[in-house]
Amino acid sequence: MAGLRIENLRKSFGAVDVLKGIDLDIRDGEFVSFLGPSGCGKSTLLRSIAGLEELTDGAIHLGDREITDLPSAKRDIAMVFQNYALYPHMNVRKNMSFGLSLNGMKADEIERRVTEAAEVLRITELLDRKPKQLSGGQRQRVAIGRAIVRKPKLFLLDEPLSNLDAGLRVTMRAELAALHERLGVTMVYVTHDQVEAMTLSNRVVVLDKGKVSQFGSPLELFHRPANLFVAGFIGSPKMNFLTARPAGQDGLGVTVSCPSFNRPVAVELAAPVDVPGDLTLGIRPDQLKIGAPDAGHLTGTVRLVERLGTESHVHVALDDGTALVIITDGTHPGRTHDRVGLTIPAEAAHLFAPTGQALPRKLDPDTERLLQI
Amino acid sequence: MATAPATPRPSRRKARGAGITPWLFISPWILGFLFFTLGPLVFSFVMSLHDWPIVGTREFIGLENYRTMLQDDPQFWKSLWITVKFAGLFVPLNIVLSFLLAVLLNLNLRGTAIYRTAFYLPSVISGVALVTIWSWIYSNEYGLLNYLLSFVGIDGPNWLGDRTWGIVAITVASLWGLGGSMLIFLAGLQSIPKELYEAARVSGVPPWAQIIYITLPMLSPMILFTLITSIISAFQQLTIALLLTDGGPVNSTYFFAMYIYKTAFRFHDMGYAAAMSWVMFLIILILSMLVMRWSAAWVYYEGQARKDDADA
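A few points on the structure. Every value quoted in this text rests on a predicted model; they were computed, and no experiment measured them. (Residues numbered from 1 in each chain as written. Chains lettered and ligands numbered in written order. Predicted model: local features only at pLDDT ≥ 70, side-chain atom pairs only at ≥ 80, totals over all residues. Heavy atoms only, no water.)

## Concerning the overall build of chain A
Okay, step 1: When helices and strands are tallied, chain A shows nine helices and 20 strands.
Okay, step 2: The principal-axis extent of the C-alpha atoms belonging to chain A is close to 75 × 45 × 40 Å.
Okay, step 3: A total of 373 residues make up chain A; the buried ones form 50% of that total.
Okay, step 4: Summed over all atoms, the accessible surface of chain A reaches about 16,500 Å², with 50% contributed by carbon and sulfur.
Okay, step 5: The distance from the centre of the 44 positive side-chain charges to the centre of the 45 negative ones in chain A is 6 Å. (Helix = DSSP H or I, 4+ residues; strand = E, 2+ residues; numbered from the N terminus. Buried < 20%, exposed > 50% of the residue type's maximum accessible area, 1.4 Å probe, protein only. Areas by Shrake-Rupley, 256 points an atom, 1.4 Å probe, with all protein chains shown as cover. Lys, Arg positive; Asp, Glu negative; His and termini not counted. Charge placed at Lys NZ, Arg CZ, Asp CG, Glu CD.)

Laid out in C-alpha cells, this is it:
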C-alpha cells in the first residue's frame, strides 16, 4: 500500500514563501493532478516529494514510511521531467537501464524489465536509437519507460505533455490513462492544463499562491468550487461573476438582488448559513439563457459573437459595463449591437462571500448523483 | 545565368564590377593570409631545402637538412624527447586541473566570480611578467616556494638548477595559464541541463557516476578541443623555458622549439631551423589527426547523430 501523505509542507526560497503549509492525503493507486497557474508552487511541491528540494518544514509519508529526509533514490519514486531529461549520449536501452545497473541489479533482471517496459510503451524497435533520433512523443515514452523500470511506488510527472504538439498531447493523454489503469500505481501529475487534469485525474489539487485552494474530484471542482479562485480557474470560458446583495432570506432560500438586476434571483442553499451583506454571484457561460431584452434578470448589448460551429460564444456588456460570456448553440442568430435579456436559472447560481468562500450550493438531483459516483 | 527573366541584362562592366566587389570585401583577410601565412609557409619550405645563413650565400642542398636532423644530430632527438616529456606532463595535467577547477567553480559557492577572475588572470598576463614572477618563486636562495617548504621541514631542491626538477618547474609555471581551458569547461558545464542530474539523483546514480557517465560525455567536445590545443601549445613551448632556464641546466630543458629558435637566431642557420619547423608541424599534424580519429570513439556531439547510429 503506498498512499502519499503530506503534512504542513512549507518551502521558502530566501524570503519568498513558495509553499505555505500543504496538507494532502493521496490514496493508494490514485491519479492526482496538481493544477494551478504558473508560479502557484505546483512544480516545487512535486520536486519536494521527489526529494529534489529541501523542505523548510513539514513531513512526507509514502505508504507507512516517512520519506521526508531520505535521498531521492531511496524514496521508491520515479519522476518524468517536462523536457524528458534523457541522457543524449546514451541509447534508449541505456537510458532506461542506467540507474538500475549502477544500483547493482542483475543484468538479466534489467533486461527483463527494459523489454517489458518497452513492450508496454511500444518502443521495442527504438531501443538502440539515441534520443536525437526520436520524435517528441517517442522521447516522452522513453522517459516514462525509464520511470517504469524502477517499479516505483509513486510516479511523479512534471508537465510531461506540455512539450508535445496538440494532437500528440491528446493521444499521449489517453495512453497515460491506460498506463495508470494497467500499472495501478499512485501517480502525481503536475499540469497547468485543466483539460489534462480533469480528464486524467481521480482527484485534482488546485493550488493558488502556495496553498491548496481545493482538493476534490474533477466534477466536484466544476460543480462545487470551494471559492472564487477555483470557480474562475476551472471551466472555459471562465465563470461569469456579478456583484450582488441579499434582498431577503427564508431558511435555505436567499433572494439576491443588485441595481443591475431587473428582478431578484431566488437561490436555494444546501445548508443554512449566515448570508453576508455583500455577495458575488457566479454563473457558468453555458447556464445563462439569452432572450428578449426585458424578459430576463439582466439586460445588455451584444459586443461580439464568436461562432465555433457546434456552439457560439456571445459576449454581452451589461448597461453598467459588466462583461459576460454566454455559450449558446451554434445556430443562435444573435448579432453585435443586439439588445438582449439574460436569465439566471436559480439552480445554476453560485454564491460567494466577500472572503471568496463559496456558500453551500444545492445541486440538481442528477448532478448530485453524478458526484457520488 | 540564374537571373530572373524580368531583370534587364546587366552590362559587361556592371557584371565585372559585381564579380570583383565581394573579393574586395574579403581582400584584407586574403592579403593577410597570402603575405603572413601562406607566403611564409611556402617560403620556409623553400628555405628548408637550402643551406641558408642569415648573412652570406645560400646554397640549394635538397633534403640534406632533413637527413642531418634524423641521422647526424643527437640534439634534435634530445630536444624532441624533452618536448615529448613536457607534453606528457603538461597535457593531462592541464586538462584534469582545468576540469576540476571548472567543476568547483560550477558549484556556485560564495565568491565564485572572484575565483573565476583570479584563475583566469594569469592567462592575460604577458609571458615575460609571468616568468619573472615564477623565477622569484623558484629561486634557490630567496624563492617563495622553498621558503614555504621550509616551514614543513622540507629542504626544497634548486628548482631551476636541477636536471630532474627543471622540467617540472616549467610544467607547473605553464599550468598557470590554464584559465582559458577552465573557462571552456565551465561554459560547457553550465550548458548541461540540470534535469539530467536530477533524473540521475532520482534513479540513485551516485555523484561520482554522474560525473563519469553524464558530465564527461557531455563535455567530450570541449575535452577534445582542449586536448588538441594543449598538445599544440606543449610542442610550441618556448617563452617560459627560454626565460626561466634558457635550456639549462645541462640542456635538460632544451625544448624543441628552443632548439629551432636558437638555430635560427643564435647560430643563424635559417635553413636548418626551417626544416626543423616543418618537422614540428608534421608531428603536430599527425598527432592531431590521430587524436581526431580516436575521438570518434568517445566524443559525443549534441548537434549530430552519428551516421552509424542512423544506419542502425
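## A closer look at the sheet that holds strand 9 (residues 203-208) of chain A
All names here are of chain A.
Okay, step 1: Sheet architecture is open: six strands sit in the order 6-7-8-3-9-10, paired in mixed fashion. Across the chains shown, the open sheet's two edge strands, defined by having one partner strand only, are strand 6 (77-80) and strand 10 (211-216). Taken over all neighbouring pairs, the strand axes of this sheet differ in orientation by 20° on average, direction set aside.
Okay, step 2: Sheet topology places strand 3 (residues 31-35) next to strand 9; four bridges connect them, and they run parallel. Bridging across to strand 9, Phe 34 finds its partner in Val 205.
Okay, step 3: Strand contacts of helix 4 (residues 136-148): strand 6 and strand 7 (154-158), with the helix running at about 170° to strand 6, the strand carrying the most contacts. (Pairing = 2+ DSSP bridges. Axes fitted to C-alpha atoms, helices over the stretch in contact; angles between N-to-C directions. Contact = heavy atoms within 4.5 Å.)

## A short note on the packing of helix 9 (residues 194-202) of chain B against helix 10 (residues 207-235) of chain B
All names here are of chain B.
Okay, step 1: Where helix 9 meets helix 10, the axes come as close as 11 Å, and the angle between the chain directions of the two elements is 160°. Here helix 10 runs roughly antiparallel to helix 9, going by the angle between their axes. For the pair helix 9 and helix 10, the crossing hand works out as right-handed. Every residue of helix 10 that contacts helix 9 at Leu 196, Tyr 197, Ala 200 and Arg 201 is listed here: Gln 210, Ile 214, Thr 215 and Met 218.
Okay, step 2: The class makeup of the residues in the contact of helix 9 with helix 10 is five nonpolar, two polar and one charged. (Parallel < 35°, antiparallel > 145°, perpendicular 65-115°, else oblique. Left-handed = near helix turned anticlockwise from the far one by under 90°. Nonpolar A, V, L, I, M, F, W, Y, C, P; charged D, E, K, R; others polar.)

## A look at the side chain of B:Ser174
Residue and element names in this part refer to chain B.
Okay, step 1: Considering the arrangement of structural elements, one finds Ser 174 in helix 7 (residues 165-175).
Okay, step 2: Classification of Ser 174 by relative accessible area gives buried; the value is 9%.
Okay, step 3: Among the polar contacts made by the side chain of Ser 174, one reaches the main-chain carbonyl oxygen of Ile 170 at a distance of 2.7 Å.
Okay, step 4: Residues within four places of Ser 174 in sequence aside, it is in contact with Phe 86, Phe 90, Gln 237 and Ile 240. (Polar contact = N/O pair within 3.5 Å; in protein donor to acceptor, adjacent residues only side chain to side chain.)

## Description of the packing of aromatic side chains
Ring pairs (aromatic) are described by centroid distance and by the angle formed between their planes.
Okay, step 1: Applying the stated criterion across every chain yields a total of 23 aromatic pairs over all chains.
Okay, step 2: An angle of 80° between the planes, with centres 5.2 Å apart, marks the rings of A:Tyr87 and A:Phe98 as edge-to-face. With a gap of eleven residues between them, A:Tyr87 in the loop between strand 6 and helix 2 (92-102) and A:Phe98 in helix 2 connect regions that are remote in the sequence. Each member of the pair A:Tyr87 and A:Phe98 is classed as buried.
Okay, step 3: Here the aromatic rings of B:Phe76 and B:Trp77 are separated by 5.0 Å at their centres, their planes lie at 75°, and the arrangement is edge-to-face.
Okay, step 4: Counting every residue linked through ring pairs, the aromatic cluster contains B:Trp134, B:Tyr138, B:Trp159, B:Trp165 and B:Trp176.
Okay, step 5: Its guanidinium or amino end placed over the ring of A:Tyr87, A:Arg146 lies 4.9 Å from that ring's centre, counting from NZ or CZ.
Okay, step 6: When the ring centre of A:Phe222 is taken as origin, the NZ or CZ atom of A:Arg284, which lies over that ring, is 4.0 Å away. (Phe/Tyr/Trp six-rings, centres within 6.5 Å; stacked < 30°, edge-to-face > 60°. Lys NZ or Arg CZ within 6 Å of the ring centre and 35° of its normal.)

## Some details on the interface of chain B and chain A
Okay, step 1: Tallying the contact residues gives 21 residues for chain B and 25 residues for chain A.
Okay, step 2: Roughly 2,100 Å² is buried in total at the junction of chain B and chain A, and carbon and sulfur atoms are behind 63% of that figure.
Okay, step 3: Contact with chain A buries surface across chain B, with B:Arg201, B:Val202 and B:Ser203 losing the most and accounting together for 26% of the total.
Okay, step 4: Viewed at the interface, chain A and chain B are joined by one salt bridge.
Okay, step 5: Note that A:Arg47 is salt-bridged to B:Glu198, the shortest N-O span being 2.6 Å. (Buried area = accessible area lost by both parts, 1.4 Å probe. Salt bridge = Lys/Arg side-chain N within 4 Å of Asp/Glu carboxyl O.)

## Examining the environment of B:Gly156
Residue and element names in this part refer to chain B.
Okay, step 1: Structurally, the position occupied by Gly 156 is in the loop between helix 6 (144-151) and helix 7.
Okay, step 2: Residues Gly 156 and Leu 145, spaced eleven residues apart in sequence, show a C-alpha to C-alpha distance of 7.8 Å.
Okay, step 3: When near neighbours in sequence (up to four residues on either side) are disregarded, Gly 156 contacts Asn 146 and Leu 149.

## Points about empty space enclosed by the protein
Where empty space is left in the structure can be found by rolling a water-sized probe over the atoms.
Okay, step 1: Per the counting criterion, the structure on display carries three cavities of 30 Å³ or more.
Okay, step 2: Counting residues per element, the ones that place at least two in the lining of the second largest cavity are strand 6 and helix 4 of chain A together with helix 9 of chain B.
Okay, step 3: Tallying contributions element by element places helix 4 of chain A first for the lining of the second largest cavity, with three residues.
Okay, step 4: Its residues assigned to classes, the lining of the second largest cavity comprises seven nonpolar, one polar and two charged. (1 Å grid on protein atoms, 1.4 Å probe; cavity = no way out; pocket = protein on both sides within 12 Å on 5 of 7 lines; lining within 4 Å. Points joined across faces, edges and corners; volume = space filled by probe spheres on them.)

## Examining helix 2 (residues 64-72) of chain B
Residues spaced three or four apart along an α-helix face the same direction, because each turn holds 3.6 residues.
Okay, step 1: Taken together, the buried positions of helix 2 of chain B are B:Asn65, B:Tyr66 and B:Met69. Buried positions in helix 2 of chain B, seen along its axis, are confined to an arc of 100° and lie on one side of it. (Arc of directions from axis to C-beta.)

## Overview of the sheet that holds strand 19 (residues 339-343) of chain A
Residue and element names in this part refer to chain A.
Okay, step 1: Sheet architecture is open: five strands sit in the order 15-19-16-17-18, paired in antiparallel fashion. Every interior strand has two partners, whereas the edge strands, strand 15 (289-291) and strand 18 (323-329), have only one. The mean inter-strand angle of the sheet, taken between neighbouring strand axes irrespective of direction, is 45°.
Okay, step 2: Relative to strand 19, strand 16 (residues 298-307) runs antiparallel, the two being bridged by four bridges. Each bridged residue has a counterpart across the sheet, and for Gly 300 the counterpart in strand 19 is Val 340.

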